[in-house]
Amino acid sequence: LNITGFGFGRPIYGPFNRQLSNSQLFAVADLNQPRGHRLKNGKFIPVGLKARGDNPMVMAPAGGLNMTLSGISKFLIDSLDGIRSEGGVLHPNSYQGMHQPRDSAGDYGAGWTIRDGIHFHNGTNIYWFSEMYLYPKFDIGLSIVLNHGHQKTATKLVDDLLVSLLSKISIHIGRRLPLPTYKEF
């Protein structure tokens, strides 16, 4: 996939989108990197760069994996290709395993909820929040990422952004993209 900006733990990147090691982290003079935030007394407070700025690895979602927005875009493109069996870096069975419902309700693959032709995945480490949507029928993938992970607030913001994005994309492609039926709008 040629994803160069990825790593484990806090998403702090240096030159050329390379993940910084913990020893390099404290040498960073330019703190213009996005930081996660936590909600405290009704205010969002940026978390620090030390260990308290992330969950312990034992609690880290996705094994603590993070990547740049460019990397997420490449991942979504690869996933669309794999869902349609048009390539991808994984074996076709791997994409089928992730993107075919396998639960008793018939709507959950390996990490993805699939309903009405829409594939959905989200996650948070309480400091960051991400949602991804795949519309294979329309060859569209969307990712919305926030630098705070307060579930209730983040979900509301993402839902508002999703409605706006889908409206604009629908106008652009000349077809109405459906809202996910499992979301509360």
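Residues numbered from 1 in each chain as written. Predicted model: local features only at pLDDT ≥ 70, side-chain atom pairs only at ≥ 80, totals over all residues. Heavy atoms only, no water.

> Explanation requested: the overall build of the chain in the structure shown.
Along the chain, the regular secondary structure elements total 4 helices and 8 strands. Going from the N terminus to the C terminus, the chain shows its helices and strands as β-α-β-β-β-α-α-β-β-β-β-α. Counting only residues that meet the buried cut, the chain has 37% of its 185 residues in that class. Of the contacts made within the chain by residues no fewer than 6 positions apart, 45% connect residues no fewer than 24 positions apart. (Helix = DSSP H or I, 4+ residues; strand = E, 2+ residues; numbered from the N terminus. Buried < 20%, exposed > 50% of the residue type's maximum accessible area, 1.4 Å probe, protein only. Contact = heavy atoms within 4.5 Å.)

> Help me out: how do you make sense of the environment of Met132 in this one?
In this fold, Met132 is placed in strand 7 (residues 129-135). We classify Met132 as buried; its relative accessible area is 11%. When the C-alpha atoms of Met132 and Phe120 are compared, they prove to be 5.7 Å apart, with 12 residues separating the residues in sequence.

> It is not clear to me how helix 2 (residues 69-83) should be interpreted in this structure. Could you clarify?
For an α-helix, the turn length of 3.6 residues means that residues three or four places apart are oriented alike. For helix 2, which comprises 15 residues, the first-to-last C-alpha distance of 21 Å matches the rise-based estimate of 21 Å (1.5 Å per residue) to within 8%. Taken as a whole, helix 2 has its buried residues at Gly71, Ile72, Leu76, Asp78, Ser79, Leu80, Gly82 and Ile83. Looking one or two residues beyond helix 2, the residue adopting positive phi is Ser85, at roughly 55°. (Expected span 1.5 Å × (residues − 1).)

> I would appreciate a short explanation of the sheet that holds strand 8 (residues 140-146) in the present structure.
Two orientations exist for strands paired in a sheet by backbone hydrogen bonds: parallel and antiparallel. Judged by pairing direction, the sheet is antiparallel, and its 4 strands sit side by side in the order 5-6-7-8 without closing on themselves. In the strand order of this sheet, the two ends are held by strand 5 (113-115) and strand 8, each with one partner. In this sheet, adjacent strand axes meet at a mean angle of 15° when their direction is disregarded. Sheet topology places strand 5 next to strand 6 (residues 118-124); 3 bridges connect them, and they run antiparallel. Across the sheet, residue Ile114 finds its bridge partner in strand 6, namely His119. Here helix 4 (residues 151-173) sits on the sheet and contacts strand 6, strand 7 and strand 8; the angle it forms with strand 8, its principal contact strand, is near 150°. (Pairing = 2+ DSSP bridges. Axes fitted to C-alpha atoms, helices over the stretch in contact; angles between N-to-C directions.)

> Sorry, what's going on with the pairing of strand 2 (residues 37-40) here?
By the bridge criterion, 4 bridges tie strand 2 to strand 3 (residues 43-46) in an arrangement that is antiparallel. Directly across from His37, in strand 3, lies its bridge partner Pro46. Taking the residues between adjacent antiparallel strands as the criterion, strand 2 and strand 3 are bridged by 2 residues, where Asn41 takes a positive phi near 50°.

> Help me understand the pattern of salt bridges, please; the structure alone is not making it clear to me.
Here the idea is simple: oppositely charged side chains can pair when their charged atoms come close. All told, the structure shown has 5 salt bridges when counted by the stated rule. Between Arg84 and Asp81 there is a salt bridge, and its shortest N-O distance comes to 3.0 Å. With a relative accessible area of 26%, Arg84 lands in the partly exposed category. Where Asp139 meets Arg84, a salt bridge forms, and the shortest distance between an N and an O atom there is 2.7 Å. Here Arg84 lies in the loop between helix 2 and helix 3 (92-99) and Asp139 lies in the loop between strand 7 and strand 8, a separation of 55 residues in the sequence. When salt bridges that share partners are traced, they join Asp81, Arg84, Glu86 and Asp139 into one network. (Salt bridge = Lys/Arg side-chain N within 4 Å of Asp/Glu carboxyl O.)

> So what exactly am I meant to see when it comes to the packing of aromatic side chains here?
Any pair of aromatic rings gets described here by the distance separating the centres and the angle formed by the planes. In total, this model carries 1 aromatic pair according to the counting rule given. Ring geometry for Phe120 versus Tyr133: centroids 5.2 Å apart, planes at 40°, classification tilted. Pair noted here: Phe120 is in strand 6 and Tyr133 is in strand 7, with a separation of 13 residues, a long-range link. (Phe/Tyr/Trp six-rings, centres within 6.5 Å; stacked < 30°, edge-to-face > 60°.)

> Just checking my understanding: could you explain the pairing of strand 8 for this structure?
Remark: a regular strand shows side chains that alternate across the two faces of the sheet. Burial of the side chains of strand 8 is restricted to one face: Ile140, Leu142, Ile144 and Leu146 are buried, whereas none of Gly141, Ser143 and Val145 on the reverse face is. By the bridge criterion, 7 bridges tie strand 7 to strand 8 in an arrangement that is antiparallel. Along strand 8, the bridge assignment pairs Tyr135 with Ile140.

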